[in-house]
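Observations on chain architecture
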Amino acid sequence: MDYLTYELRGDVAILGLNRPEKRNAISDAFIEEFAQVIRRAESEAKAGVIHGHGPHFCAGLDLAEHVKKTPFEGVHGSRRWHEVFGWLHRGKLPWFGALHGAVVGGGLELASSLQVRVADSTAFFALPEGQRGIFVGGGASVRSARLMGLARMTDMMLTGRSIDVETAERWNIVQYVVPEGLALERAVELAARAATNAEISNYAIINALPRIQDMGTDDGLFVESFIASFTATSPEAEERLNAFLQKKVGKVARPGDKA
Ligand code: 1HE
């Protein structure tokens, strides 16, 4: 592979963005290889982690390639990012991001497509599209805006503001902050934990939860009832519920307990 590394560790697929000399900037060839590797992970793993090799997670779109495109090619390129990132956002596996250094432009769009983001203290976040004379095209106007809110994203885009990891946590962009160098280890640990859930529950969490956010209250609650019943009556749920009632599995951990 030219742009990515792949490792299967137990049930967890670990994908590394691997174009460090260009700060993991995403070209057309990169996105096609990424598409293949995501499909491979879906067939082999129960959860996935995405991290970046080199000093940064991802510098976003390959700007050198972008300048050569016609308007229509640009639309197709953006739609392809939507499709591929869509497999992460509402796909088969829960995905965990291990972030460090620059998480900018399309890098933030990629990170926003994942379910859980772990960032180390070196991570910083920006949407420099306004400065480059372009607009977000990898899903940020939907996904990143829903994480941080419209006002914050508008500010980031208008002012070119770069935010640190503490602010990113406060703004809902990341769920975990860890010391420098520990994001990958923590993300793999969390992904391994998610991989032990019932697959049907993970699928509902990934696919139903965001859709229900797009619905009104009444519709959302109606759909929730069907998913709740469908999952609870599965053979796997029966097995897991009985295991708890027969005290064969552990209780809910208290905060701070080692899982
Ligand atoms: C790149 C890219 C790139 C670096 N496309 N080549 N993204 C941006 O506007 C971010 C632009 N990048 C940067 O601001 C900086 O590179 C970083 C802060 C991320 C990292 O800085 P640093 O000092 O570690 O690296 P560097 O020296 O700036 O970059 C190393 C090389 O990578 C250099 O190439 P070289 O041939 O001179 O060695 C850079 O030109 C190259 N490089 N970033 C192409 N992005 C679907 S729409 C999404 C829209 C967007 O993503 S817009 C945001 C684009």
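Refer to the preceding data block for the structure.
The notes below deal with the structure included here. All values derive from a computational prediction rather than experimental measurement. Along each chain, numbering runs from 1 in the same order as the chain's sequence is written. Residues qualify for local features only when their pLDDT is at least 70, as the model is predicted, and side-chain atom pairs are given and counted only at 80 or more; totals for whole chains, interfaces and linings, by contrast, use all residues. The basis for every side-chain value is the complete set of heavy atoms in the structure, and neither hydrogens nor water enter the calculation.

Okay, the packing of helix α1 (residues 28-44) against helix α3 (residues 71-89) next. What counts as an axis is a line fitted to C-alpha atoms, over the stretch in contact for a helix, and the angles between N-to-C directions run from 0 to 180 degrees. The numbering of helices and of strands both runs from the N terminus, where a helix is a DSSP run of H or I of at least 4 residues and a strand a run of E of at least 2. Direction vectors running N to C along α1 and α3 enclose 20°, while the axes themselves pass 10 Å from each other. As summarised for this structure, α1 and α3 are arranged roughly parallel, according to the angle between their axes. Of the two elements, α1 crosses α3, and the hand of that crossing is left-handed. Of the residues in α3, those in contact with I31, E32, F34, A35, I38, R39 and E42 of α1 are R80, W81, V84, F85, W87 and L88. Gly falls in the polar group here, along with every residue not listed as nonpolar (Ala, Val, Leu, Ile, Met, Phe, Trp, Tyr, Cys, Pro) or charged (Asp, Glu, Lys, Arg). Residues that form the contact of α1 with α3 fall into these classes: 9 nonpolar, no polar and 4 charged. Every angle not falling under 35 degrees, over 145, or within 65 to 115 is termed oblique; those three ranges are roughly parallel, roughly antiparallel and roughly perpendicular. Less than a right angle of anticlockwise turn of the near helix away from the far helix marks a crossing as left-handed, whereas a clockwise turn marks it as right-handed. Residue contacts are counted whenever heavy atoms from the two residues lie within 4.5 Å of one another.

Our focus in this paragraph is the site of the ligand. Near residues are defined by distance, with any heavy atom within 4 Å of the molecule or strand qualifying the residue. Taken together, 22 residues form the shell around the ligand, and within it K22, H56, A59, G106 and R132 come nearest. In this structure, A59 approaches the ligand through a main-chain N or O atom, which is 2.7 Å from a nitrogen atom. We define a polar contact as two N or O atoms separated by no more than 3.5 Å, with the added condition that, inside protein, one atom must be a possible hydrogen donor and the other a possible acceptor, whereas residues neighbouring each other in sequence contribute only through side-chain atom pairs. In the environment of the ligand, an oxygen atom lies 2.6 Å from a nitrogen or oxygen atom belonging to the side chain of R132. Here the ligand loses 65% of its free accessible area of 1000 Å² to cover by the protein chains. The method behind every accessible area is Shrake-Rupley, applied with a 1.4 Å probe, and residues are considered shielded solely by the protein chains displayed.

Moving on: helix α4 (residues 106-113). Counting buried residues in α4 gives 8 out of 8 residues, a clear majority hidden from the surface. Only protein chains enter the area calculation, which uses a 1.4 Å probe; residues under 20% of their type maximum are buried, those over 50% are exposed, and those in between are partly exposed. Within α4 the residues assigned to the buried category are G106, G107, L108, E109, L110, A111, S112 and S113.

Moving on, we get to the sheet that holds strand β8 (residues 163-164). In a beta sheet, neighbouring strands are held together by backbone hydrogen bonds and run either parallel or antiparallel to one another. Two strands are said to pair when DSSP picks up at least two bridges between them. Spatially, the 3 strands line up as an open sheet ordered β5-β7-β8, and their pairing is mixed. In the strand order of this sheet, the two ends are held by β5 (102-104) and β8, each with one partner. Relative to strand β7 (residues 124-126), β5 runs parallel, the two being bridged by 3 bridges. The residue of β7 that forms the bridge with A102 is F124. The sheet strands contacting α4 are β5 and β7, and the helix crosses β5 at an angle near 85°.

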